[in-house]
Amino acid sequence: MPDIEVVFDTMPVPEQPAEQEKGAMVPPVMPASNGDRSETETTSSILASVKEQRTSQCSHITETLKHAVFSQIPA
């Protein structure tokens, strides 16, 4: 049986600040809720977008694996 090589593209890891820079960074401040639903709607929108992207990536990986496996099966 032939060997199958599967290669996954990965996202690059952002550079981390040096230890001396970490102390100089100011943490972000969350705005106080003013009673409207804009924060919740924004969060929901971001989560929906992330879910859609992950679903798309999983579908792509699945199709790539299917192609890799089925291309190894003799006709």
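Structural data are supplied above this passage.
Throughout what follows, the structure given in this document is the object of discussion. Model, not experiment: these values are computed from the prediction.

### Considerations on the overall build of the protein
When helices and strands are counted, the protein shows 2 helices and 0 strands. Counting across all 75 residues of the protein, residues that qualify as buried make up 1%. Carbon and sulfur atoms make up 60% of the accessible area of the protein, which amounts to about 7500 Å² in all.

### Concerning the pattern of salt bridges
In this structure the tally under the stated criterion is 1 salt bridge. A salt bridge links E63 to K66; the nearest nitrogen and oxygen atoms lie 3.5 Å apart. In this pair, E63 and K66 both sit in helix α2 (residues 38-70), 3 residues apart, roughly one turn of the helix. Its relative accessible area of 47% is what places E63 among the partly exposed residues.

### What to know about a nonpolar patch on the surface
Together, V69, F70 and I73 make up a nonpolar patch on the protein surface, roughly 300 Å² of accessible area in all. Its location among the elements puts I73 in the segment after α2.

Each value, and the rule that gives it
Residues numbered from 1 in each chain as written. Predicted model: local features only at pLDDT ≥ 70, side-chain atom pairs only at ≥ 80, totals over all residues. Heavy atoms only, no water. Helix = DSSP H or I, 4+ residues; strand = E, 2+ residues; numbered from the N terminus. Buried < 20%, exposed > 50% of the residue type's maximum accessible area, 1.4 Å probe, protein only. Areas by Shrake-Rupley, 256 points an atom, 1.4 Å probe, with all protein chains shown as cover. Salt bridge = Lys/Arg side-chain N within 4 Å of Asp/Glu carboxyl O. Patch = residues over 30% accessible without salt bridge, like charges linked within 9 Å, V, L, I, M, F, W, Y side chains within 5 Å.

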